[in-house]
Amino acid sequence: MPDQNYSNNTLISIIIPCFNHATYLKKAIDSVLQQSHKNVEIIVVDDESSDNTKEVAESYGAPVKYIFKENGGLSAARNTGLEYINGNYVVFLDADDWLYPDALQINLNYLLQNPKAAFVSGGFDRVNLEENTIEEKVRQIEKDHYIEFLQGNYVGVPAAVLYSRWILEKFKFNVAAPDSCGDYDLYLNITRSYPVVHHQEKIAAYRIHGANMSSNSPMMLASVLQVLKQQEKKLKTPREREAYEFGFQVWKNYYCSELYYKLRKRKIKPTFQILATLLKYKPTLLIKYILLNNIVVSKKLTYKRIG
């Protein structure tokens, strides 16, 4: 077990990027202030919000450092936050998510026991307040982390990760990568060369709402495939190549199946973008949807329902 005095005195920096999510920000900040590990600093990076993000952040006074920056996206906001940290460990908490009370202490203990690890990650809950559902996301990953990331993103929510500061001095978020997958890009690049740790204790809650970037499945699929494609030139072994190719199928199946489900349940409309995504990546699901709904699709992917 790690030395408890050292653990208690260890400063953890929490970077909260925020763009027009003031309505959620208070819960995120409160979840940090209510941690069992008390030695924290909170840095809110306002990515030029038009709501009252500044007022919410500054209402806390000294516990929260408010930083304003011109709008440049999520990855740029995270990198800006890194310029202001004092801690040796770092968490990136999205403004619409929150940490569970023992999150920092749990992850810190793992890193103190594994000092060579670049980061540690744990499980999380997907919380859909509109549908009043909680979906637990916990996986057992003990080795071959780069291989695992080539086949998907088992972390799921950035707040479930605690980074050692030294790794973030070697790697930053790639502002050229899609913002929606900046964390996935970072995990891939880190685990290619450095050890990490994953455990099954739940660390954070990922809030599902209409404004999530991840709710745009066509955009997410295009983004994640773009990020994964960047690894192709870095593959070194047949096993990595196999995992890489399998990962493409995993992502296509995941997002296209999600689109098909939402179409069937009429949670989304069959727009050009959605139909084109299914046509490109999973045409069998598009055909199935057309046949089940008596739809005629033109060459330009416009449609009309029969009957």
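Owing to the predicted nature of the structure, the values given are computational and were not obtained by experimental measurement.

S.K.: Got a minute to help me understand the packing of aromatic side chains in this structure?
M.R.: Scanning all chains against the criterion turns up twelve aromatic pairs. A ring pair is formed by Phe92 and Phe173, whose centres lie 4.9 Å apart and whose planes are at 90°; its orientation type is edge-to-face. In this pair, Phe92 is assigned in strand β4 (residues 89-92) and Phe173 in the loop between α7 (165-168) and α8 (182-191), connecting sequence segments 81 residues apart. Judged by relative accessible area, Phe92 falls into the buried class, the value being 1%. Assessed through its relative accessible area of 4%, Phe173 is described here as buried.

S.K.: How should I be thinking about the side chain of His198 in this particular structure?
M.R.: Tracing the backbone shows His198 in strand β9 (residues 197-208). For His198, a relative accessible area of 11% gives the class buried. Here the side chain of His198 touches Ser121 through a polar contact of 2.7 Å, side chain to side chain. Within the structure, the side chain of His198 is placed 3.2 Å from the backbone oxygen of Arg139, a separation counted as a polar contact. Excluding anything up to four places from it in sequence, His198 contacts Ser121, Gly122, Arg139, Ile141, His145 and Tyr154.

S.K.: For this particular structure, what's the right way to read the environment of Val196?
M.R.: Residue placement: Val196 occurs in the loop between α8 and β9. Separated by 85 residues in the primary sequence, Val196 and Leu111 place their C-alpha atoms 9.0 Å from one another. Beyond its immediate stretch of four places on either side in the chain, Val196 contacts Ala117, Ala118, Phe119, His145, Tyr154, Ile190 and Thr191.

S.K.: Whenever I open this one, the packing of helix α9 (residues 217-229) against helix α11 (residues 272-281) confuses me. Can you help?
M.R.: Packing of α9 against α11 brings their axes to within 9 Å, and their N-to-C directions diverge by 40°. Compared by their axis directions, α9 and α11 come out oblique. Across from Pro218, Met219, Leu221 and Leu225 in α9, the residues of α11 making contact are Gln273, Ile274, Thr277 and Tyr281. For the contact of α9 with α11, the class distribution of residues is six nonpolar, two polar and no charged.

S.K.: So what exactly am I meant to see when it comes to the pairing of strand β1 (residues 12-18) here?
M.R.: Two faces make up the sheet, and in a regular strand the side chains alternate between them. Of all seven residues in β1, seven are buried, a share of seventy percent or more. As for the winding sense of the linkage, the β-α-β connection from β1 through helix α2 (residues 22-33) to strand β2 (residues 40-46) is right-handed.

S.K.: What's the story with the pattern of salt bridges in this structure? I'm lost.
M.R.: Where charged atoms from two side chains of opposite charge come close, those side chains can pair. One pass over the structure, following the stated rule, counts twelve salt bridges. As a salt-bridge pair, Lys26 and Asp30 come within 2.7 Å of each other at their nearest N and O atoms. Residue Lys26 and its partner Asp30 are both found in helix α2; the two are separated by four residues, about one turn of the helix. Glu135 is the partner of Lys137 in a salt bridge, and the nearest nitrogen-oxygen pair spans 3.1 Å. Residue class for Lys137 comes out partly exposed when judged on its relative accessible area of 32%. Each member of the salt-bridge network shares a partner with another, and the members are Asp125, Glu136 and Lys202.

S.K.: Sorry if this is basic, but what is going on with α2 here?
M.R.: The periodicity of an α-helix, 3.6 residues per turn, causes residues three or four places apart in sequence to face the same way. For α2, built from twelve residues, the straight-helix expectation of 16 Å at 1.5 Å per residue is met to within 8% by its first-to-last C-alpha distance of 17 Å. By the burial criterion, the buried members of α2 are Ala22, Tyr24, Leu25, Ala28, Ile29, Asp30, Ser31 and Val32. For α2, the secondary structure elements touched by its buried residues are β1, β2, α3 (53-58), β3 (64-68), β5 (98-99) and β9.

Thresholds applied
Residues numbered from 1 in each chain as written. Predicted model: local features only at pLDDT ≥ 70, side-chain atom pairs only at ≥ 80, totals over all residues. Heavy atoms only, no water. Phe/Tyr/Trp six-rings, centres within 6.5 Å; stacked < 30°, edge-to-face > 60°. Helix = DSSP H or I, 4+ residues; strand = E, 2+ residues; numbered from the N terminus. Buried < 20%, exposed > 50% of the residue type's maximum accessible area, 1.4 Å probe, protein only. Polar contact = N/O pair within 3.5 Å; in protein donor to acceptor, adjacent residues only side chain to side chain. Contact = heavy atoms within 4.5 Å. Axes fitted to C-alpha atoms, helices over the stretch in contact; angles between N-to-C directions. Parallel < 35°, antiparallel > 145°, perpendicular 65-115°, else oblique. Nonpolar A, V, L, I, M, F, W, Y, C, P; charged D, E, K, R; others polar. Right-handed = clockwise from strand over helix to strand, strands pointing away. Salt bridge = Lys/Arg side-chain N within 4 Å of Asp/Glu carboxyl O. Expected span 1.5 Å × (residues − 1).

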